There are 2 protein chains.
Amino acid sequence: MITCDTLIKGGSIICMDEDFRILDHHQIAIKDGKILAISPLDDPKYSAVQELDASDCLITPGFINAHTHIPMTYFRGLADDLPLDDWLQKYIWPMEARMLTPDFVYDASLHAAAEMITNGITLANDMYFHIDRIADACATAGMRVIVSEAILEHAFSGKLSQIRDSVRRIKERYQDQALVDCALAPHAIYTCSREILAECAKVAAEEGWIIHTHLSETKVERDNCLKEHGMLPLQYLHSLGFTAQRCIFAHGVWLEEEELDLLRETDCSIAICTDSNLKLSSGFAPMAQMKARGIKTLMATDGVASNNNLDILEETSTTAKLYKAWNHDPLFMPAREAFAMLTIDSAKALGMDQITGSLEPGKAADLCIINLNHLQSQPLYNPYSHLIYAISSHQVRDVLIAGKQVLKNHQLVNLDPAALIDKAKYWKTKILSEIQS
Amino acid sequence: MITCDTLIKGGSIICMDEDFRILDHHQIAIKDGKILAISPLDDPKYSAVQELDASDCLITPGFINAHTHIPMTYFRGLADDLPLDDWLQKYIWPMEARMLTPDFVYDASLHAAAEMITNGITLANDMYFHIDRIADACATAGMRVIVSEAILEHAFSGKLSQIRDSVRRIKERYQDQALVDCALAPHAIYTCSREILAECAKVAAEEGWIIHTHLSETKVERDNCLKEHGMLPLQYLHSLGFTAQRCIFAHGVWLEEEELDLLRETDCSIAICTDSNLKLSSGFAPMAQMKARGIKTLMATDGVASNNNLDILEETSTTAKLYKAWNHDPLFMPAREAFAMLTIDSAKALGMDQITGSLEPGKAADLCIINLNHLQSQPLYNPYSHLIYAISSHQVRDVLIAGKQVLKNHQLVNLDPAALIDKAKYWKTKILSEIQS
C-alpha cells in the first residue's frame with residue numbers, strides 16, 4: 001500500500017497523452033505534487049490523506065494561457081469599441097504610464113490569477129511590467145506563471161546589457177519557487193529597435209531562454225515593417241536570429257506564406273488570441289495554413305483590456321467554431337484538436353511538456369475537475385465535443401496545480417474574492433480620478 | 001401607499017428604452033405581472049409583499065432567443081464536426097424520425113426551458129414538432145414561447161387546409177395561457193413546395209400571423225434556389241407573398257444586395273445564429289449591409305444540436321466581436337447596440353414590444369438580475385461593455401417572467417435540475433440504442 005497525498009476517484013480522465021486515452025473507473029494518485037499513477041478504481045495499491053470524488057466529472061489537464069498581460073484586469077472595459085492604435089495610444093499606454101506601481105500590479109495580478117484559476121487555467125505565459133510583483137501574486141495564488149518584462153525601446157535603449165540582467169535577476173530570485181519561470185520578451189518589432197531585438201536573440205541563444213513577443217497583430221504593423229525593413233515581420237526577426245530560439249509569437253494574424261514556411265522547421269509557435277483579434281478588428285489568423293504545416297498553435301486570452309475576461313475555454317470554443325467558417329470546412333479543427341491546443345500543445349511549445357499539459361504518471365498534477373451535472377452539459381455523448389462546444393468555465397469545480405488544490409468546490413483556496421473585488425473597486429476609483437484629472 | 005407584488009431595490013437598471021436610460025438608486029415596482037413604476041429608491045409610495053435586493057447587480061430586460069429548436073437538447077453533441085447536409089441528413093433527420101414522440105419532446109423541452117431560464121432567456125421563438133408539448137413544457141417552466149410547427153412537404157403535401165388549422169388549433173388551445181403564442185413556420189424553401197409556401201403566405205396575411213422560416217443558411221441553398229426558381233431565396237419568397245407579412249428569417253447568411261433591399265422596407269427581420277453558422281461552416285452574415293439598411297437583426301442560438309448550448313449572452317458576445325473583424329471596423333456593433341439585438345430589437349421584430357424587451361412601466365416584468373460580484377465583471381466602467389464582453393451567463397442570479405420569479409438565487413423555481421439530468425441520461429440511453437440498432 002502506497003500512501004499518497006491525494007486520490008482523485010471516478011469521473012472520466014481526459015489524459016491528452018499520445019493515445020488520447022479517456023479513462024473511466026480510474027483513480028489518479030498524487031504524491032509530492034506529481035501524478036504517481038493512474039490506476040483502475042479497484043486497485044488497492046493506493047491510499048491517500050485526501051480523496052476527491054470526481055463522479056460525474058471530467059478530469060482534464062489544466063488549461064494553459066499562452067499569451068496574456070496579467071495585470072490589465074483593472075483596465076477591463078475601460079475603453080471598448082476602438083481600433084487597436086487608438087486603444088493603445090490614447091487609453092492603455094497613457095493609463096499605464098500613470099497607474100503602474102508595484103502595488104497596482106500586485107493587486108491586479110492577484111485578481112487575474114484568481115480569475116484564471118476559477119476558469120481552469122493552471123499556467124500563464126505573461127508579458128508586462130513590475131514582473132516580480134506578478135510572480136509574487138501568482139505564487140500566492142498557487143498558479144504557474146512564466147513572467148517576462150516587456151522590453152521597450154525607451155526603457156532599454158543604450159542599456160543593452162540590462163536585457164540579460166533583467167531576466168537573470170528574476171530567474172535567480174525565484175529559483176526556489178517551482179511555479180515561477182521567466183522568459184525574454186521584446187514587446188514587438190514596432191516598439192524595439194533593431195539593436196534591442198538582435199540583443200534579445202543573442203542573449204536567448206546564449207542562455208537557452210524562451211522568447212515571447214508580439215508578431216503581426218495588425219496589417220499596419222506588417223505594412224510598416226515592409227516599408228521600413230523591406231521584409232515581412234517574421235523575415236525581419238529571422239534575420240536578427242529569432243527563429244533559432246524557442247519563440248512564442250502572440251497573434252500571427254497577418255503572417256504570409258513565406259513567414260509560415262520559416263516557422264515550419266523551427267521551435268516557434270503562435271499564440272492565437274481570437275477574442276482580442278476579433279474585438280480590436282485585427283483580423284483572422286491563417287490557421288489552416290499553419291495547421292497544414294504542423295506549426296503549433298496555442299490558445300491565449302491576451303490581456304483583459306482587449307478580451308474582456310480570462311475565460312480561455314470560451315476563447316477556445318470561439319476559435320474552433322470561427323475557423324471552421326473562415327476555412328469553409330466544418331471538419332476543420334475538431335474538438336479534440338482544439339482541446340489539445342489548450343493543453344498539451346501549449347506545454348510542448350513552452351518546452352514544459354515534461355511537467356504539464358497532459359495527465360500522465362511523472363508529470364505534475366496540474367488538473368481541472370469539471371462538473372458535468374449541469375443542464376448545458378447533458379446528455380453527454382463525446383467529452384471533447386462538450387469541452388469545446390457546450391461546457392462553460394463555471395463548471396470547473398476543482399483545480400490542482402503541482403498537486404495542491406487551489407480551487408475547491410468553486411472556492412479559491414488561497415485567495416478571498418470579496419477582498420479582491422474591494423481592491424478592484426478601490427483601484428477603479430483611482431483610475432477614474434486619473435482620467436478626470 | 002401602493003402595495004405591489006414585488007419591489008426590486010437597488011442595482012443599475014438597464015432600461016433599454018428609447019433613451020437607453022441607466023438608473024441607479026431606483027426600484028422597480030411590479031404588480032399583476034407588469035412593471036407598475038420605476039421610481040427613486042427613497043420614493044415611499046410603494047411597498048411590496050416581496051423585496052429583491054439587487055445591490056451590486058445589473059437589472060436588464062430578459063433576453064430573447066429569436067430562433068431555436070427547443071427539443072433538440074437531447075441531441076447535444078451527438079454528431080459534431082460535420083457539414084450541415086451530412087449533419088442533417090445522416091444524423092439529425094434519421095434520429096428525429098425514430099425518436100420524436102410527444103414524451104421525448106416534452107422532456108427535452110423542459111430541459112431546454114430550464115437551461116434558457118438559467119441563462120436569462122425569457123422568450124424563445126421556436127420551430128419544431130409536437131409543439132403542444134413544447135408549449136406545455138415552457139408553460140410549466142414559466143417562460144414565454146412562440147411555438148410553431150415546422151411545416152414540411154411530406155407532412156402537408158395535399159393537405160393545404162391543415163396549415164391554417166395547425167396554427168389555429170394551438171392558438172385556441174393556449175388562448176388563456178399568456179406565455180404561449182403560435183406562429184406559422186414553413187421550414188425552408190428547400191423542404192416546402194411552392195404551393196405550401198404560397199399557402200403559408202396567404203394564411204399569414206389573412207390571419208395576421210407571424211411567419212418564421214429558415215432563409216439562406218447555406219450557399220448550396222442559395223445556388224439551388226437560383227437554379228430551380230431563377231431567383232434568389234428571398235426573391236422567391238417575395239414572389240409568393242412572404243415579405244408582406246411580419247417574418248422572422250433565421251440565418252440570412254447568404255443574402256445578396258437585392259434581397260437586402262427587399263427586406264429594407266418590410267417588417268421582416270433576420271435572426272442571426274452565429275455559433276451555429278460558424279460551427280457548421282455555413283458562413284458569415286452580411287451584417288454591415290443589414291445594419292446600413294436598418295434591417296432588424298436579432299440574436300438566436302439555433303438548436304442545441306448545432307450550438308451546442310443555449311447560452312445567448314455568449315452568442316451575442318461572439319457576434320459583436322466577430323463582425324468587427326469581419327467588417328474591418330472595431331467600431332462596428334458597439335456593446336449597447338449588440339445588447340439591443342438581444343432585447344428590445346427582438347421584441348419589436350416579434351411585434352411584442354408593447355409587452356417585453358425593455359424595462360418600462362406598463363410592460364411585463366420580464367427581467368434578469370445579474371450579479372456583478374464576480375471577478376470577471378470587476379472593476380466595472382460601462383455596464384453595456386460588461387454585458388457583451390465580460391459577463392458570463394452564470395452571473396444571472398434571478399429571472400422574472402411576467403412578474404413571476406422563475407430563477408431565484410440561481411435555483412430554478414418551477415423545475416428540478418437533478419430530475420432533468422436524470423431524464424436526459426435516460427433518453428441518451430434510448431438514443432444510443434437506436435443508433436446501435
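Definitions and limits used
- Residues numbered from 1 in each chain as written.
- Chains lettered and ligands numbered in written order.
- Predicted model: local features only at pLDDT ≥ 70, side-chain atom pairs only at ≥ 80, totals over all residues.
- Heavy atoms only, no water.
- Axes fitted to C-alpha atoms, helices over the stretch in contact; angles between N-to-C directions.
- Helix = DSSP H or I, 4+ residues; strand = E, 2+ residues; numbered from the N terminus.
- Parallel < 35°, antiparallel > 145°, perpendicular 65-115°, else oblique.
- Left-handed = near helix turned anticlockwise from the far one by under 90°.
- Contact = heavy atoms within 4.5 Å.
- Nonpolar A, V, L, I, M, F, W, Y, C, P; charged D, E, K, R; others polar.
- 1 Å grid on protein atoms, 1.4 Å probe; cavity = no way out; pocket = protein on both sides within 12 Å on 5 of 7 lines; lining within 4 Å.
- Points joined across faces, edges and corners; volume = space filled by probe spheres on them.
- Pairing = 2+ DSSP bridges.
- Least-squares fit on C-alpha atoms with pLDDT ≥ 70 in both.
- Bend = angle between axes of the 7 residues up to and from the residue.
- Buried < 20%, exposed > 50% of the residue type's maximum accessible area, 1.4 Å probe, protein only.
- Buried area = accessible area lost by both parts, 1.4 Å probe.
- Salt bridge = Lys/Arg side-chain N within 4 Å of Asp/Glu carboxyl O.
- Polar contact = N/O pair within 3.5 Å; in protein donor to acceptor, adjacent residues only side chain to side chain.
- pLDDT = per-residue confidence, 0-100.
- Domains from an automatic or database assignment.

1. What about the packing of helix H5 (residues 161-173) of chain A against helix H6 (residues 194-207) of chain A?
Residues and elements named next belong to chain A.
Consideration 1: As a packed pair, H5 and H6 sit with axes 9 Å apart at the nearest point and diverge in direction by 45°. Taken together, the axes of H5 and H6 are oblique relative to one another. Both H5 and H6 take part in a crossing whose hand is right-handed. Between H5 and H6, the contacting residues are Ile163, Arg164 and Arg168 on the first element and Ile196, Glu199, Cys200, Lys202, Val203, Glu206 and Glu207 on the second.
Consideration 2: Class assignment of the residues belonging to the contact of H5 with H6 gives a composition of 4 nonpolar, no polar and 6 charged.

2. Description of empty space enclosed by the protein
Consideration 1: Within this structure, the stated rule accounts for 1 cavity of 30 Å³ or more.
Consideration 2: Estimated volume of the largest cavity: approximately 40 Å³.
Consideration 3: Forming the walls of the largest cavity are A:Ser317, A:Lys321, A:Ile388, A:Tyr389, A:Ala390, A:Ile391, B:Asp275, B:Asn307, B:Asn309 and B:Glu314.
Consideration 4: Secondary-structure elements contributing two or more residues to the lining of the largest cavity are helix H12 (312-326) and helix H15 (383-390) of chain A.
Consideration 5: Considering each element in turn, the lining of the largest cavity owes the most residues, 3 residues, to H15(A).
Consideration 6: Tallied by class, residues from the lining of the largest cavity come to 4 nonpolar, 3 polar and 3 charged.

3. Examining the layout of surface pockets
Residues and elements named next belong to chain A.
Consideration 1: Each pocket or cavity is described by its volume, and for the second largest pocket that value is around 580 Å³.
Consideration 2: As for the second largest pocket, its lining consists of 30 residues, of which Trp93, Glu96, Phe129, Leu152 and His187 are closest to the centre.
Consideration 3: Among the elements of the structure, helix H1 (84-99) and helix H4 (153-156) are those that each provide at least two residues to the lining of the second largest pocket.
Consideration 4: Counting residues per element, the lining of the second largest pocket draws most heavily on H1, which supplies 7 residues.
Consideration 5: Classifying every residue of the lining of the second largest pocket gives 16 nonpolar, 10 polar and 4 charged.

4. Some points on the sheet that holds strand S3 (residues 22-24) of chain B
Consideration 1: As summarised here, the arrangement of the 7 strands in space is S3-S2-S7-S18-S19-S20-S21 (chain B), forming an open sheet in which the pairing is mixed. Looking at which strands have only one partner, the edges of the open sheet turn out to be S3 and strand S21 (411-412) of chain B.

5. Describing the relation of the copies chain B and chain A
Consideration 1: Between the two copies, chain B and chain A, the superposition gives an RMSD of 0.0 Å; the rotation angle is 180° and the shift along the axis is 0.0 Å. The transformation just described matches what one would write down for a two-fold rotation axis.

6. Observations regarding the sheet that holds strand S10 (residues 144-147) of chain A
Residue and element names in this part refer to chain A.
Consideration 1: What the 4 strands build is an open sheet, ordered S8-S9-S10-S12; its pairing is parallel. In this open sheet, the two edge strands, each paired with only one partner strand, are strand S8 (63-68) and strand S12 (180-182). Ignoring strand direction, the axes of neighbouring strands in this sheet form an average angle of 15°.
Consideration 2: Bridge analysis of S10 against S12 gives 3 bridges, and the strand direction is parallel. Looking across to S12, one finds that Val147 is bridged to Cys182.

7. Describing helix H1 (residues 84-99) of chain B
Residues and elements named next belong to chain B.
Consideration 1: At Ile92, H1 shows its largest bend, some 35°, and a proline, Pro94, comes one to four positions later.
Consideration 2: When we look at burial in H1, the residues that qualify are Leu84, Trp87, Leu88, Ile92, Met95, Glu96 and Met99.
Consideration 3: The inward-facing, buried residues of H1 contact helix H2 (102-118) and helix H16 (417-436).

8. A short note on the interface of chain B and chain A
Consideration 1: Between chain B and chain A, the residue contacts involve 65 residues of the former and 65 residues of the latter.
Consideration 2: Across the interface of chain B and chain A, roughly 5100 Å² is buried in total on both sides, 61% from carbon and sulfur atoms.
Consideration 3: Counting the surface chain B buries against chain A, the share from its top three residues, B:Asp81, B:Leu375 and B:Tyr381, is 16%.
Consideration 4: If you look at where chain B meets chain A, you find 6 salt bridges.
Consideration 5: A:Lys324 serves as the salt-bridge partner of B:Asp81, at 3.5 Å between the closest nitrogen and oxygen.
Consideration 6: Our count for the contact surface shared by chain B and chain A stands at 31 residue pairs in polar contact (both at pLDDT 80 or more).
Consideration 7: Residue assignment for the side of chain B that touches chain A shows that the elements contributing at least two residues are H2, helix H10 (274-279), helix H12 (312-326), helix H15 (383-390) and H16 of chain B.
Consideration 8: Tallying contributions element by element places H16(B) first for the side of chain B that touches chain A, with 8 residues.
Consideration 9: By residue class, the composition of the side of chain B that touches chain A is 29 nonpolar, 22 polar and 14 charged.

9. Some points on the confidence of the model for chain A
Consideration 1: Here chain A averages 96 in pLDDT, while 100% of its residues score no lower than 70.
Consideration 2: For this predicted complex, the interface score ipTM comes out at 0.97, while the overall pTM is 0.97.

10. Focus: the domain arrangement of chain A
Residues and elements named next belong to chain A.
Consideration 1: Looking at the assigned domains, one finds that chain A contains domain 1 (2-60 + 356-412) and domain 2 (63-349).
Consideration 2: One C-alpha centre belongs to domain 1, the other to domain 2, and the line joining them spans 28 Å.
Consideration 3: Contacts between the two partners involve 29 residues from domain 1, matched on the other side by 32 residues from domain 2.
Consideration 4: Carbon and sulfur atoms make up 72% of the surface buried where domain 1 meets domain 2, a total of about 2300 Å² over both sides.
Consideration 5: In terms of surface lost to domain 2, no three residues of domain 1 exceed Ile388, Tyr389 and Ser393, which account for 27% of the buried area on that side.
Consideration 6: Along the contact surface separating domain 1 from domain 2 lie 1 salt bridge.
Consideration 7: For Arg144, the salt bridge identified is with Asp366, shortest N-O distance 2.6 Å.
Consideration 8: Put simply, domain 1 and domain 2 have 5 residue pairs in polar contact (both at pLDDT 80 or more) between them.
Consideration 9: Listing elements by their share of the side of domain 1 that touches domain 2, those giving two or more residues are strand S18 (367-371), H15, strand S19 (396-401) and strand S20 (404-408).
Consideration 10: Ranked by residues supplied to the side of domain 1 that touches domain 2, first place goes to H15 with 5 residues.

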